[in-house]
Amino acid sequence: MNYKPNASEVKRNIKEKLSRHFGCNPAEATREQLYKAAAITVKDILTEKRSEFRNKVNEQGAKRVYYMCMEFLLGRSLKTNLGNLGLQETYRAALSDLGCDLDELYECEPDAGLGNGGLGRLAACFMDSLSSLDYPATGFSLCYEYGLFKQMIVDGMQIELPDVWLPGGEVWLAPRTDRIYKVRFGGRVKEEWRDGRLVISYEGGEEMEAVPYDMMISGADSDAASQLRLWRARDIRNFNMGLFSQGQYARAMQQSNAADIIAKVLYPSDNHPEGKLLRLSQQYFLVSASCQSIIRDHMAVYGTLDNLPDKVAIHINDTHPALCIPELMRIMMDEYCFSWDKAWDIVTRTVSYTNHTVMPEALETWNEDLFALRLPRMHMILKEINERFCKTAWEFYPGNWKRISDMSIIAYGQVRMANLAVIASHTVNGVSKLHSDILTETVFKDFYRMWPNRFTNVTNGIAHRRWLCYSNPALAALLDECIGEEYRKNPETLQNFLKYADDPAVLTRLGEIKRQNKERFAAHLAKKTGIVLDTGAIFDVQIKRLHEYKRQLLNALNIIGIYLDLKDHPDLEMQPQTFIFGAKAAPGYAMAKRIIKLLCMIAKDIESHPRIAEKLRVVFLEDYNVSTAEILVPAAEISEQISMAGKEASGTGCMKLMINGALTLGTLDGANVEMQAAAGAENMFIFGLTAPEVEELWQKGYNSALYYAHNERLARIVNYLNVGFAGESFADIATYLLAGYGVADPYLCLADFDSYQKAHQDALAAYADPQRWNRMSLTNIAAAGHFAADRSIREYAERIWGLRSLAENKSC
C-alpha cells in the first residue's frame, strides 16, 4: 500500500479524530489532543499497510522472522513515521491550516519507555530496517508501564523516578483482546502415561493472562509495516468481592497486584531475591506469550508444525529471551504430542541467538532452586536438554568433566542462559568482528571446537534514515545535492561523497552545518536547563550507559588535568573545550553512581571559577534519552569511544556520531576496529592498549601504582581526587584506582591515560585546521554507510534466518 493522503485529507482526518476521541474541534483542542489526533491518523495508515502486507505474506507462504528482546528503545514515533511515509510536509501544511506547528506536536510525545541502552536501540533500528527492506517481521517485548526510570540529578546524585510515558505514548498501541494467552508460574507438575504418551498436568501455582498491545513500525518507501507486540499481564481470577466487602481491601487486591507488577519496570534491581524472581518471571512471561502467539499464527496459516523451521525464524536478542527454547519444547510435546527428538529438531532449526557481551554479569545465570520453584516444567525440560548435551559433549571431550561442566546448562546449582542459547540455536553471532573473535577464542571456545560452523559475525548497524536524514536535515540536504538521494535507501552509496574530500566549498559548507547544529543544541540546552554554551568550543561527547568498562572515569581524569592546568595558568592559550556526558547508571550500581557524582561536582566546581569556565566546561545531561540524542549527535565533534579494549561488543552510538561527521577518539574495541578500517587510521584518533595487549598485561600482573608513580601529571590528578570538587572529596575513587576493592583500577584507566591524553592533543591540533578537520569529517561520513542497519539486516536475512523480502519471494 503506497496511498499517501494530501493535506486536505489529512486535515479532514485529524478533525474527525478530534471529534470522535476528544469531542472537540481544532480551535478548542489542546496541543496534546492535536498530537494524539495526528498520531491516530498515522497509526491508521500503518495499520492498513500492515494488514495488506500480512495478506500478501500469507498468500505467498513467505517465511517470517520473530525478533525477541527485553527492550526496544524506540524514542518518539510521530517524526520517524512521517519521515518514513514521506508525509512530513503534507502533515506540516495540514496542521498549519489548523493553526498548529508540526514541530510543536513532536515535543508533545514522550520517549517510549521500553528500553535502556544499546541493546534496545539496536532492536529499534533493526525493526526500522526490517520494514524498510520489506521483510515479514514481528518484534516481541513487554509493555512496561514505567520503562527503565526517569533520571533526576540532585546535588550530583542520580535519583530514579518513574518514567511515566504511557499517557502520551499509548496512542500508538492497539490492544488485541482477541489474542490473549495464559502463562503459568509455580505449582507442581504431574506426569502420567496415557495411551503410550506422557501427559502433563499441573497442581497449584498461578496463572496470568498475557494481553498483547501492538505498535506498528514503519519502513521508508516500502510496502511493509512491521509489528511490535508488547505484552501486559492481567490476573485471570475473579476479583474477590467478599474480601472487599469485609473491608479487606489489600487482600482483595493482592492477586491482581501480582500480575500488574510483571510489566511495571524494565530491569528491576536484582541485588535481592525478590528482584531476581521478578526478572525471571518477566522473561518467562515474555517468551511464553510470544511462543504461543507464534504457534497460533503459524497453525492458522499452515495447520501443521512440521514446517515451522521453513516458515519461521525466531531470533533471541541476548540471553533474556532464551527461555523460548524450553517453552517451544513444552508447547510441542505437551500440547501437540511431538516426541522429544522431533520437537528438538524443529526448535534447533528455528532458533538463532545474538550474543551482546562478554561481561560475566551479563551472561545470565539463575539459582537452580529459585528457577525450579518458579518454573517447574521449564526446569524439567532444561534438565533433559542438559543431560542429552552432556552425553554429546562427552563424546567430543571424553573424560574432561571440568570442561563439560563449564559448558553445561545446569551445574553447581546454577542455570546458565548463555550456554542454553548456544546449545539450542542453529546460529550464534557476535556483533562486531573483534567481539565475534573473542567469543570463539574465549567465552564459547569449547562450543566453537564442537560446532565451528554454528558461529558467525554480523556487525551492528544503525537506522541511518532516523539518525542522518531526519535528525540532521541540513547534512542530508548537502548529501542530496552532492550525490543524490539513493543513499537514503542504499546507504553504501554514501561512499560517493568521498569525491568531494578536496572540494573547498563542500568542506566549508560541512563546517557551517556543524556550527548550525551546535547552535541548535545550545539553544535546546539553554531552554531546558538554563545552561549557556559557547558554540566556539569544541563539543566533546560521551553518551552511553554508565559502566566502569566504558570508562567515563578515564575521561574525567583527563578533564581534571585540564582543570588543574587552568588553575595554575588562567591565561593559558587553548582551544575552549566543552565535555558533554549523557548516561544512566543502574539503580544498584554504586560505583557508576559515584562516577556520575564526580562528573557533576567537577562541572559545579568549574562553574564557580568564571575564568576557567571560559575555556573548559563539563555538562552532564539529566535524563538523557533518544530525543535528546537526535539533537546532540549532529552537534558532536569528538566522539568518545574509550572502553577498555575487549569489553565493548560493538556499540552503535559510535556509528550515529560517525555518520553525522564527529571524529572518533577511541580504543581498538568493538566496532571501532571496523570503523577505522573503513575510514582510515588517519581519520580517527586511536589510543591505548589493544585487546591482546590488555590480556598480556593482566597475565604479567597489572600494577596501577607503577603508572601513578612514573607519570607526574597522572599522580597529581589522582591525588586531587582526595581534595575533591565543590567541597566533596573523592578519595574513594583514588583508592579504587590505586588499591582497589579486590582489584585496583580493573579497567586500566591509569594504564591508558598517557596515550589517551596524547590522542586528545592530536585531536585539538587537527581541530585548529578547519579544512583538515572537515576533510576528516567528510571521510567518516562517506565511510559510514557500511554501518547502517539495512546492511546488518540483509546479512541476518541471508546468512542466519533464510529470509526473503516480499519482492524476492514474488520473483521466486
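Look above for the structure.
This text gives an overview of the structure that appears in the document.

Here is what the cut-offs are and how they apply
- Residues numbered from 1 in each chain as written.
- Predicted model: local features only at pLDDT ≥ 70, side-chain atom pairs only at ≥ 80, totals over all residues.
- Heavy atoms only, no water.
- Helix = DSSP H or I, 4+ residues; strand = E, 2+ residues; numbered from the N terminus.
- Rg over C-alpha atoms; globule rule 2.2 N^0.38 Å.
- Buried < 20%, exposed > 50% of the residue type's maximum accessible area, 1.4 Å probe, protein only.
- Contact = heavy atoms within 4.5 Å.
- Lys, Arg positive; Asp, Glu negative; His and termini not counted.
- Charge placed at Lys NZ, Arg CZ, Asp CG, Glu CD.
- Axes fitted to C-alpha atoms, helices over the stretch in contact; angles between N-to-C directions.
- Parallel < 35°, antiparallel > 145°, perpendicular 65-115°, else oblique.
- Nonpolar A, V, L, I, M, F, W, Y, C, P; charged D, E, K, R; others polar.
- Pairing = 2+ DSSP bridges.
- Patch = residues over 30% accessible without salt bridge, like charges linked within 9 Å, V, L, I, M, F, W, Y side chains within 5 Å.
- Areas by Shrake-Rupley, 256 points an atom, 1.4 Å probe, with all protein chains shown as cover.
- Salt bridge = Lys/Arg side-chain N within 4 Å of Asp/Glu carboxyl O.
- Core = buried A, V, L, I, M, F, W, Y, C linked by side-chain atoms within 4.5 Å.
- Polar contact = N/O pair within 3.5 Å; in protein donor to acceptor, adjacent residues only side chain to side chain.
- Arc of directions from axis to C-beta.

### Overview of the overall build of the protein chain
Alright, step 1. Across its full length, the protein chain carries 36 helices and 23 strands.
Alright, step 2. Radius of gyration (C-alpha) of the protein chain: 27 Å, near the 28 Å computed for a compact globule of 812 residues.
Alright, step 3. Each of the 812 residues in the protein chain was classed as buried or not, and the buried ones make up 60%.
Alright, step 4. Partitioning the contacts of the protein chain with sequence separation of at least 6, the portion at a separation of at least 24 is 76%.
Alright, step 5. The positive charge centre, built from 91 side chains, and the negative charge centre, built from 102, are 4 Å apart in the protein chain.

### Focus: the packing of helix 33 (residues 749-767) against helix 34 (residues 770-783)
Alright, step 1. Closest axis-to-axis distance for the helix 33/helix 34 pair is 6 Å, and the angle between their directions is 110 degrees. Judged by the angle between their axes, helix 33 and helix 34 are roughly perpendicular. Here helix 33 contributes Ala 763, Ala 765, Ala 766 and Tyr 767 to the contact with helix 34, which in turn contributes Pro 770, Arg 772, Trp 773 and Met 776.
Alright, step 2. Its residues assigned to classes, the contact of helix 33 with helix 34 shows 7 nonpolar, no polar and 1 charged.

### So, the sheet that holds strand 20 (residues 616-621)
Alright, step 1. In spatial order, the strands read 20-19-18-21-22-23; together these 6 strands make up an open sheet with parallel pairing. Edge positions in the sheet fall to strand 20 and strand 23 (685-686), since each has one partner strand and no second.
Alright, step 2. Across 2 bridges, the pairing between strand 22 (residues 663-666) and strand 23 is parallel. Bridging across to strand 23, Gly 666 finds its partner in Ile 686.
Alright, step 3. Contacts from helix 23 (residues 552-568) reach strand 18 (538-543), strand 19 (577-582), strand 20 and strand 21 (638-641), with the element oriented near 155 degrees to strand 19.

### A few points about unusual backbone geometry
Alright, step 1. Backbone geometry places Arg 551, a non-glycine residue, at a positive phi of 60 degrees.
Alright, step 2. Look at Arg 551 and you get buried, because its relative accessible area is 0%.

### Topic: a nonpolar patch on the surface
Alright, step 1. Among the surface-exposed residues, Met 152, Val 154, Met 157, Ile 159 and Leu 161 lie close enough to one another that they form a single nonpolar patch of about 350 Å² accessible area.
Alright, step 2. Sorting the residues of the nonpolar patch by element identifies strand 3 (150-154) and strand 4 (157-161) as the ones contributing at least two each.
Alright, step 3. With 3 residues, strand 4 is the single largest residue contributor to the nonpolar patch.
Alright, step 4. Here Ile 159 is to be found in strand 4.

### Concerning the pairing of strand 12 (residues 351-354)
Alright, step 1. Burial of the side chains of strand 12 extends over both faces: Val 351 and Tyr 353 are buried on one face and Ser 352 and Thr 354 on the other.
Alright, step 2. Bridging between strand 11 (residues 312-317) and strand 12 involves 4 bridges; their strand directions are parallel. Residue His 315 lies in a different strand from strand 12, and its bridge partner there is Ser 352.
Alright, step 3. Bridge count between strand 12 and strand 16 (residues 428-430): 2 bridges; the pairing is parallel. Within strand 16, the residue paired with Tyr 353 across the bridge is Val 428.

### Structural notes on the nonpolar core
Alright, step 1. By size, the foremost hydrophobic cluster in this structure holds 278 residues, and its most contacted members are Phe 497 and Trp 801.
Alright, step 2. Looking at this core element by element, the count peaks at 11 residues for helix 24 (residues 590-607).
Alright, step 3. If sequence neighbours within four positions are ignored, Phe 497 has contacts with Leu 478, Leu 479, Cys 482, Ile 483, Val 506, Leu 778, Ile 781 and Ala 782.
Alright, step 4. Ranked by size, the runner-up nonpolar core spans 5 residues in total, among them Phe 53, Val 57, Ala 62 and Leu 806.

### A word on the environment of Val 57
Alright, step 1. Among the secondary structure elements, Val 57 is positioned in helix 2 (residues 31-60).
Alright, step 2. For Val 57 and Tyr 135, which are 78 residues apart along the polypeptide, the C-alpha to C-alpha distance reads 9.4 Å.
Alright, step 3. The contact partners of Val 57, leaving out residues within four places of it in the chain, are Ala 62, Arg 64, Pro 136 and Leu 806.

### Details of the sheet that holds strand 15 (residues 414-416)
Alright, step 1. Taken in spatial order, the 3 strands line up as 13-15-14 in an open sheet, and their pairing is antiparallel. On the outer flanks of this sheet lie strand 13 (365-367) and strand 14 (410-411), each paired with one strand and no other.
Alright, step 2. For strand 13 and strand 15, the ladder comprises 3 bridges, and the chain directions are antiparallel. In the sheet register, Trp 366 faces strand 15, and the bridge partner there is Val 415.
Alright, step 3. On the sheet, helix 17 (residues 417-424) packs against strand 13 and strand 15 and is oriented at approximately 45 degrees with respect to strand 15.

### A closer look at the pattern of salt bridges
Alright, step 1. Here the structure, examined in full by the defined rule, presents 58 salt bridges.
Alright, step 2. Close ionic contact of Lys 17 with Glu 16 constitutes a salt bridge, the shortest N to O distance being 3.5 Å.
Alright, step 3. Classification of Lys 17 by relative accessible area gives buried; the value is 10%.
Alright, step 4. With a closest N to O distance of 2.9 Å, Arg 31 and Glu 104 form a salt bridge. You can see Arg 31 sitting in helix 2 and its partner Glu 104 sitting in helix 5 (residues 102-106), a full 73 residues away along the chain.

### Regarding the side chain of Lys 584
Alright, step 1. When you line up the elements, Lys 584 lands in the loop between strand 19 and helix 24.
Alright, step 2. Engagement of the side chain of Lys 584 in a polar contact is seen with the backbone oxygen of Phe 149, the distance being 2.6 Å.
Alright, step 3. Within the structure, Lys 584 has its side chain in polar contact with the side chain of Asp 623 (distance 3.0 Å).
Alright, step 4. Those residues in contact with Lys 584 that sit more than four places away from it in its chain are Leu 148, Phe 149, Lys 150, Gln 151, Gln 158, Arg 545, Leu 546, Asp 623 and Tyr 624.

### Looking at helix 29 (residues 691-700)
Alright, step 1. Buried within helix 29 we find Ala 691, Val 694 and Leu 697. Here the buried residues of helix 29 occupy an arc of 120 degrees about the axis, which is enough to place them on one side. Exposed residues pointing more than 90 degrees away from the buried face of helix 29 are listed as Pro 692, Gln 699 and Lys 700.
Alright, step 2. Lining the buried residues of helix 29 we find helix 18 (433-443), helix 30 (704-710) and helix 33.

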